[in-house]
Every structure is written in C-alpha cells, then in structure tokens.
Amino acid sequence: MLKVENLARYFGGIKAVDGIDFDIHRGEILGLIGPNGSGKSTTVNLIAGLYAPTTGRVTYEGQDIQSLLPHERANLGIARTFQNIRLFGQLSVWQNLWAARVVRETGWSGLKERWFSTASQGKLETESYLEFCGLQHKRDQLAANLAFGEQRRLELARAAISGAPLLLLDEPAAGMNSEEIDDLDQRIRKLRDQGKTIMLIEHHMELVMGVCDRVVVLNFGRKIAEGKPEQVQQDPQVQAAYLGSDSDDDFMQAALQA
Ligand SMILES: Nc1ncnc2c1ncn2[C@@H]1O[C@H](COP(=O)(O)OP(=O)(O)OP(=O)(O)O)[C@@H](O)[C@H]1O
Ligand SMILES: [Mg+2]
C-alpha cells in the first residue's frame, strides 16, 4: 500500500532519518518503535508531506507522492494524528468530527456553506464516530476543555472519519492511564476490522506487542529490526538499543527485562 525507499531527512548535522526502507501492507497494523529521538515522528512527517526528504521517496498505491502537499496526500488517503495533539480547540467535540467529515466530502471550500446549512447530511455518521470515541456525553464541550486522554480519542476519531484508508498514529496512548490504553487497543482493532490500515507509533510496549501484526524498529534514524512482535522483542540489537538509551521507555525496558 505504502512504500518507503532509502528515505532520509537531515536537520543540519542531525540525521533524524538516515536511509530507511519499509512497506505498509494493506489491512495490517504496523508498529513503528524506537527510543526517544530515533526518527519516528520525522518518518511520519515525511510520509504525510510536512517535511521534504533529503533523499529517498515514498510511494502510495504505486504512485510517487513526492510532489504532493500534505492536504493532497490526505485527500489521496493518508490521515494522521499528531504527537502533540492538534484539534480545533474552540470548536465543540461534535463540530470537530463533523468538520472533518464535511472536508472529506467537499474539501475545505464546502465547509463554510455546510456550516450555515440546516441539512442533516452526515449527522448520523458523525454520531457514530462520537460513539466510537466514547464522547457522547461531551458532545457540546469545546475540544480545548477535554481531558488529555479524551483529546487523543477525539483526534483518533477525527482521523478515522476523514475516510482515509491509511492512518498514521503518532503516540496515541501518550498520557493515557492503563484503562484508557485498553480502550484504545479495542478502538485500533475496530478500525482495522473496518478495513483501515494503520501505522502505530508507540512507547507502550504492551499495546504495540499486543495489537501490531508487524513491527519496524528505528534507532538513530536507521532501521535496526523488522518482523513479528515476538521476533523483534527477542532481537539483541533491539534490546541493546532500548537498554542502552536513557529514554523514558519504561514499558519497553520492563518488557525486555521480564
Ligand atoms: N524540525 C527539526 N529540526 C531539527 N531537528 C529535528 C527536527 N525534528 C526532529 N529533529 C531531531 O531529529 C531527531 C529525531 O526526532 P523525532 O522527533 O523524529 O524522534 P522520535 O523518534 O519521534 O522521538 P520521540 O519518541 O521522543 O517522539 C531528534 O534528534 C530530533 O531532535
Ligand atoms: Mg516522536
């Protein structure tokens, strides 16, 4: 579905991503993990088109998407969430979802027109995603006033309602408690069952190892391992990368030491 080839991005002397190759297969949940600063978010930004690569290319469904802007890539079918949440804070929960759905159908140009219309188009589907993220009781609250975990849930639902078949999720569990992470696990599986393909960046190893079909591991901008969760967990290079880092990957360290 998506192919990354020899992809690199340097920031001055920092090789944030340094020549990586991997594929995302249709219908799978692919984990992208690695210690802090290993290049995960940069990889998402390269795929989503926020950064231009220093070298290499990204193809989506066989099409080289290098010349496409971020919103063009989104229209093509690549949606993402941000490590630092980006919602419309001054819109309500419901409006955040509804707006993402309208943009899917009409583009940004249709949003203003629909905003002032009383037609019920799309409202049912918006309700179903409101239920998906479990925020029915907060539907009229401003997104900015939600608790952190709720904002992450809303952002996930907003990416899903955009209709894109490929979702890039950058640390959707950050700041969540274990109960919320269990719920997230179920939501991610539900999206996959609905036919979405997912790339999941996460530090919570229980979640990654439980939900992912395959995992790619980065360290210092390079790919050091790729395979089934249990394979990469056993990989000595992966263990060394995590144990050697002074990162906050407590879950990984605990998982490896168990
Ligand atoms: N815009 C930028 N300008 C300069 N350096 C950057 C920029 N973005 C990322 N970097 C650097 O590139 C490296 C990789 O960063 P990146 O955010 O991709 O890591 P990450 O794996 O997502 O880390 P984390 O787990 O902490 O989110 C880091 O050393 C970071 O400081
Ligand atoms: Mg990151």
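Right, let's walk through the structure included here. A quick note: this is a predicted structure, and the numbers were derived from the prediction, not measured.

Conventions used here
- Residues numbered from 1 in each chain as written.
- Chains lettered and ligands numbered in written order.
- Predicted model: local features only at pLDDT ≥ 70, side-chain atom pairs only at ≥ 80, totals over all residues.
- Helix = DSSP H or I, 4+ residues; strand = E, 2+ residues; numbered from the N terminus.
- Buried ≥ 20, exposed ≤ 12 C-beta atoms within 10 Å, placed from the backbone.
- Near = placed C-beta within 6 Å.
- Nonpolar A, V, L, I, M, F, W, Y, C, P; charged D, E, K, R; others polar.
- Expected span 1.5 Å × (residues − 1).
- Pairing = 2+ DSSP bridges.
- Axes fitted to C-alpha atoms, helices over the stretch in contact; angles between N-to-C directions.
- Contact = placed C-beta atoms within 7 Å.
- Parallel < 35°, antiparallel > 145°, perpendicular 65-115°, else oblique.
- Left-handed = near helix turned anticlockwise from the far one by under 90°.

Let's shift gears to the overall build of the chain. From N to C terminus, the chain includes eleven helices and ten strands. Residues classed as buried in the chain amount to 41% of the 258 residues present.

In the region of ligand 1, the neighbouring residues are Phe-11, Ile-14, Ala-16, Gly-34, Asn-36, Gly-37, Ser-38, Gly-39, Lys-40, Ser-41, Thr-42 and Gln-83. Every element with two or more residues in the shell around ligand 1 is listed here: strand S2 (14–24) and helix H1 (40–48). The greatest single-element share of the shell around ligand 1, amounting to three residues, is contributed by H1. When the residues that make up the shell around ligand 1 are grouped by side-chain class, the tally is three nonpolar, eight polar and one charged.

The next subject is helix H3 (residues 93–106). Taking 1.5 Å as the rise per residue, H3 with 14 residues should run 20 Å; its terminal C-alpha atoms sit 20 Å apart, in good agreement. For H3, the set of buried residues is Val-93, Trp-94, Asn-96, Leu-97, Trp-98, Ala-100, Arg-101, Val-102 and Val-103.

Quick look at the sheet that holds strand S3 (residues 29–33) now. What links the strands of a sheet is backbone hydrogen bonding, and the strands pair in either a parallel or an antiparallel sense. Taken in spatial order, the six strands of this open sheet run S6-S7-S8-S3-S9-S10, and their pairing is mixed. Either end of the sheet is taken by a strand with one partner, and the two such strands are strand S6 (78–80) and strand S10 (222–227). With direction set aside, neighbouring strand axes in the sheet form an average angle of 20 degrees. Summarising the sheet, S3 and strand S9 (residues 214–219) pair through four bridges and their orientation is parallel. For Gly-31, the partnering residue across the bridge sits in S9 and is Val-215. Each of S3, S6, strand S7 (166–170), strand S8 (197–201) and S9 touches H1; the most contacted strand, S7, lies at about 150 degrees to it.

Let us now look at the packing of H3 against helix H5 (residues 123–132). Their axes nearest at 9 Å, the elements H3 and H5 cross at an angle of 125 degrees. It follows that H3 is oblique to H5 by the angle criterion. Read as a crossing pair, H3 and H5 show a hand that is right-handed. Taken together, the residues of H5 that come into contact with H3 (itself represented by Trp-94, Leu-97, Trp-98 and Arg-101) are Glu-125, Thr-126, Tyr-129 and Leu-130. Per-class residue counts for the contact of H3 with H5 are five nonpolar, one polar and two charged.

With that out of the way, let us pick up the sheet that holds S2. Across the sheet, four strands lie side by side as S2-S1-S4-S5; this open sheet has antiparallel pairing. Among the strands making up the open sheet, the edge pair consists of S2 and strand S5 (63–64).

Okay, the environment of Ala-99 next. For Ala-99, the position within the fold is in helix H3. In this structure Ala-99 comes out as partly exposed when scored by C-beta crowding, with 19 C-beta atoms within 10 Å. Considering only alpha carbons, one finds Ala-99 and Phe-88, eleven residues apart in sequence, at a separation of 9.7 Å.

Relative to S2, strand S1 (residues 2–11) runs antiparallel, the two being bridged by eight bridges. Counted as the bridge partner of Phe-11 is Ile-14 from S2. Linking S1 back to S2 in an antiparallel pair, the connection comprises two residues, with Gly-12 at a positive phi of about 60 degrees. Across five bridges, S1 lies against strand S4 (residues 55–60) in antiparallel orientation.

Here we come to the environment of Thr-42. Tracing the backbone through its elements, the reader meets Thr-42 in helix H1. Given 24 C-beta atoms within a 10 Å radius, Thr-42 is considered buried. For Thr-42, the contacting residues outside a window of four places in its chain are Arg-9, Ala-16, Val-17 and Tyr-51.

Read these as geometric descriptors, not functional statements.
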